[in-house]
Amino acid sequence: MNVLSVASEIYPLIKTGGLADVVGALPLALDEHGVRTRTLIPGYPAVMRAVRDASPCLHYDDLLDHAATILEARHEGLDLLILDAPSLFDRAGGPYLDTDGQDYGDNWRRFAALSRAGADIALGRIEAWRPDLVHVHDWQTGLLPAYLRYSGKPAPPSLMTIHNIAFQGRYGVDIFPHLGLPPDAYSIEGIEYWGGIGYLKAGVQAAAAVSTVSPTYAEEILTGEFGLGMEGVLASRAGNLHGIVNGIDADVWNPERDPLIKANYSTANLKNRGKNKRAVAERFGLEQEDGPLFCVVSRLTGQKGMDLLAECVGDLVPQGGRLAVLGSGEAWLEDAFRHAAAQHPGRVAIITGYDEPLSHLMQAGSDAILIPSRFEPCGLTQLYGLRYGCIPVVARTGGLNDTIIDANPAALAAKVATGISFAPTTNDGLRRALRRTFRLYADQKAWLAMQKQGMKSDVSWNKSAGVYAALYTRLTTKGR
Ligand code: ADP
């Protein structure tokens, strides 16, 4: 089966979050299920620099008023199609934000162009290759299924995956004339959304099926609290809404061979974690001692519950904990952790920014990773935590609920616990979870058993890739 995957980020070329990891890892995992994936991504500077020997396969004089070329290339096992449109994507900032952290004013056009190009490929515009199915990811590609539906041509089915419903791609109706869609596309059955235009909504409406990245999140987004305006549209698609939990690249994230950590280790012998723990403390300027070392590797946002954690630092330190935070995000949250670090020197520290190698060392050396998210579609850092024996302390929501077995007495007795989970996601909830974590840490035998149990969990793509492959097959054979 040939699949065209379309996304705005892909690891290892360009990444702002878990979306990139999934888009980069899934094609390799699907290969074993007989699925051949080509992935269409924008030609950002980082992509154009990294990719060698790209060759043109389709040229546009006018793709939403911009010149563009689609290039074919291979990169680290990935079969890529790159939308090279310098006036849209060759910019100094990130994929979505300019150097001042503001959304590019023409994001609607940039990602409509990506979707339009994807739709053209799906309709057979590239010679000698036509996908059997199109898999689109998040709002940036939401228009693609709509372009297919309104093309009036026979088109392959599409699957729309929602990685985070908080980002919906909402714009005013004034952009409609520029999208190249027929007038009837601006309707409730089309791309209209609360009086404007919704890219994610368009995809949910037009795709053959919709999926999200965990079974719990698939249920949560049907409610007003989590659906954020999309719950009604999703309810109308509920029969075709699937929750498939993400995996991780178990080769990139492998404590036995990871070159980015100080000392490798395996379930058979966790002693070397101590060396990594010392390296983390050193890197963050924290005191060297035996008490539990907590870490955070995250966007610093309200979604991630980082305000709750900042408020709980005063509880964590007196109990003997240390905290290392790696992240960037909302300025007031960065300030809150800087303030906590100033109040508790040697016990709390923050490194702001994005540092992939350091994130590996932190998973390998910290005792626990804190993830108090208010909502979490899947979450990847708890999966890395499981693989590295870094106990996840998580809010019981979304994918965190589906991947972590709470260390309640029954789970401990059955030796199946892999972490600590709490609800509701409040200050008090997190405080209680921290107290439980300290108690468990004091019982080093139970702690070690939990680490080993987590390291044994299958967090690879094996199972979920099979579920995606089965869904693809169902969608492509439907109606035949
Ligand atoms: P989200 O996609 O909502 O940000 P996920 O847990 O799904 O959250 O994925 C986040 C990914 O980004 C993980 O791979 C995590 O390790 C990585 N990450 C987040 N912040 C940082 C950072 N400051 N430095 C390095 N990696 C980070």
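Since the model is a prediction, treat every value here as computed from it, not as a measurement.

Peer 1: Would you explain the overall build of the chain in this entry?
Peer 2: Helix and strand counts for the chain stand at 19 helices and 18 strands. In terms of overall size, the chain behaves like a compact globule, its C-alpha atoms giving a radius of gyration of 23 Å where 480 residues would be expected to give roughly 23 Å. Oriented by its inertia axes, the alpha-carbon framework of the chain measures out at about 65 × 45 × 45 Å. Across the 480 residues in the chain, those meeting the buried criterion constitute 59%. For the chain, the share of sequence-separated contacts (at least 6 apart) that also reach a separation of at least 24 residues comes to 71%. When the accessible surface of the chain is totalled, it reaches about 18,800 Å², and 51% of it is carbon and sulfur.

Peer 1: Would you mind going over the packing of aromatic side chains with me for this structure?
Peer 2: To describe a pair of aromatic rings, you give the distance between the ring centres and the angle between the ring planes. Here the structure, examined in full by the defined rule, presents 15 aromatic pairs. Ring geometry for Phe-176 versus Tyr-186: centroids 5.7 Å apart, planes at 55°, classification tilted. Within this pair, whereas Phe-176 is found in the loop between strand E8 (170-171) and strand E9 (192-193), its partner Tyr-186 is found in the loop between E8 and E9, the two being separated by 10 residues in sequence. Seen from the ring of Trp-129, Arg-38 lies directly overhead, with NZ or CZ sitting 5.0 Å from the centre. Over the ring of Tyr-104 we find Arg-91; its NZ or CZ atom is 5.0 Å from the centre of that ring.

Peer 1: Looking at this structure, I do not really get the site of the ligand. What am I missing?
Peer 2: Not every one of the 19 residues close to the ligand is listed here, only the nearest: Lys-15, Gly-18, Arg-299, Lys-304 and Gly-353. Note that an oxygen atom of the ligand is positioned 3.0 Å from one of the side-chain N or O atoms of Asp-21. Looking at the shell around the ligand, the elements that each hand over two or more residues are helix H1 (18-31), strand E13 (293-300), strand E14 (322-329), helix H13 (356-365) and helix H14 (381-388). Element by element, the count of residues in the shell around the ligand is highest for E13, at 3 residues. Of the residues belonging to the shell around the ligand, the class tally is 5 nonpolar, 8 polar and 6 charged. Split by domain, the residues of the shell around the ligand number at least three in each of domain 1 (2-247 + 462-477) and domain 2 (267-456).

Peer 1: I'm lost on the packing of helix H10 (residues 273-284) against H13 in this one. Help?
Peer 2: Helix packing for two helices is described by the angle between their axes and how far apart those axes are. Where H10 contacts H13, the two axes come as close as 7 Å, and the packing angle between them is 130°. Here H10 is positioned oblique relative to H13, judged by the angle of their axes. Pair H10 / H13 crosses with left-handed handedness. Between H10, through Arg-273, Asn-276, Lys-277, Ala-279, Val-280, Arg-283 and Phe-284, and H13, the contact on the second element is made entirely by Leu-358, Leu-361, Met-362, Gln-363, Ala-364 and Gly-365. Within the contact of H10 with H13, the residues separate by chemical class into 7 nonpolar, 3 polar and 3 charged.

Peer 1: In this structure, what is going on with helix H17 (residues 427-442)? I would like to understand it.
Peer 2: Because the α-helix completes a turn every 3.6 residues, residues three or four places apart line up on one side. For H17, with 16 residues, the first-to-last C-alpha span of 23 Å sits near the 22 Å given by 1.5 Å per residue. Among all positions of H17, only Asn-427, Gly-429, Leu-430, Ala-433, Leu-434, Thr-437, Phe-438, Leu-440 and Tyr-441 are buried.

Peer 1: Hey, could you run me through the pairing of strand E6 (residues 133-137) in this one?
Peer 2: Regular strands place side chains that alternate from one sheet face to the opposite one. Across the 5 residues of E6, 5 count as buried, placing the element largely inside the fold. Of the two faces of E6, the one carrying Leu-133, His-135 and His-137 and the one carrying Val-134 and Val-136 are both buried. The sheet contact formed by E6 and strand E7 (residues 158-162) spans 4 bridges and is parallel. Note on E7: the bridge partner recorded for Val-134 is Ser-158. The parallel pair E6 and E7 is bridged by helix H5 (residues 143-149), and the resulting crossover is right-handed.

Peer 1: Just to check I follow, could you spell out the domain arrangement of the chain for this structure?
Peer 2: Considered domain by domain, the chain is made up of domain 1 (2-247 + 462-477) and domain 2 (267-456). Buried area between domain 1 and domain 2, both sides added, is near 1,300 Å², and the carbon and sulfur share of it is 58%. In this structure, the connection of domain 1 to domain 2 is made through 1 salt bridge. Its salt-bridge partner being Lys-15, residue Glu-356 comes within 3.5 Å of it at the nearest N-O pair. Counting across the domain 1 and domain 2 interface gives 9 residue pairs in polar contact (both at pLDDT 80 or more). Of all elements in the fold, only H1 and helix H7 (215-220) reach the threshold of two or more residues within the side of domain 1 that touches domain 2. The dominant element in the side of domain 1 that touches domain 2, judged by the number of residues it contributes, is H7, at 4 residues. Split into classes, the residues belonging to the side of domain 1 that touches domain 2 amount to 8 nonpolar, 8 polar and 3 charged.

Peer 1: Mind showing me how you'd approach the pairing of strand E3 (residues 55-63) here?
Peer 2: Inspection of the sheet shows E3 paired to strand E4 (residues 66-75) by 6 bridges, in the antiparallel sense. Paired with Tyr-60 across the strands is Ala-68, a residue of E4. A loop of 2 residues connects E3 with E4, the two strands running antiparallel in sequence, and Leu-64 in this loop sits at a positive phi of about 45°.

Peer 1: Explain the environment of Ala-238 here, please?
Peer 2: Here Ala-238 shows up in the loop between helix H9 (231-236) and strand E12 (241-243). Distance from Ala-238 to Leu-222, taken between C-alpha atoms, is 8.2 Å for residues 16 residues apart in sequence.

Peer 1: I keep staring at the environment of Gly-385 and nothing clicks. Help me out?
Peer 2: Within the secondary structure, Gly-385 sits in helix H14. Look at Gly-385 and you get buried, because its relative accessible area is 1%. Spatially, the C-alpha atom of Gly-385 lies 6.8 Å from that of Ile-369, the residues being 16 residues apart in sequence. Residues in contact with Gly-385, not counting those within four places in the same chain, are Gln-363 and Cys-390.

Rules used throughout
Residues numbered from 1 in each chain as written. Predicted model: local features only at pLDDT ≥ 70, side-chain atom pairs only at ≥ 80, totals over all residues. Heavy atoms only, no water. Helix = DSSP H or I, 4+ residues; strand = E, 2+ residues; numbered from the N terminus. Rg over C-alpha atoms; globule rule 2.2 N^0.38 Å. Buried < 20%, exposed > 50% of the residue type's maximum accessible area, 1.4 Å probe, protein only. Contact = heavy atoms within 4.5 Å. Areas by Shrake-Rupley, 256 points an atom, 1.4 Å probe, with all protein chains shown as cover. Phe/Tyr/Trp six-rings, centres within 6.5 Å; stacked < 30°, edge-to-face > 60°. Lys NZ or Arg CZ within 6 Å of the ring centre and 35° of its normal. Near = heavy atom within 4 Å. Polar contact = N/O pair within 3.5 Å; in protein donor to acceptor, adjacent residues only side chain to side chain. Nonpolar A, V, L, I, M, F, W, Y, C, P; charged D, E, K, R; others polar. Domains from an automatic or database assignment. Axes fitted to C-alpha atoms, helices over the stretch in contact; angles between N-to-C directions. Parallel < 35°, antiparallel > 145°, perpendicular 65-115°, else oblique. Left-handed = near helix turned anticlockwise from the far one by under 90°. Expected span 1.5 Å × (residues − 1). Pairing = 2+ DSSP bridges. Right-handed = clockwise from strand over helix to strand, strands pointing away. Buried area = accessible area lost by both parts, 1.4 Å probe. Salt bridge = Lys/Arg side-chain N within 4 Å of Asp/Glu carboxyl O.

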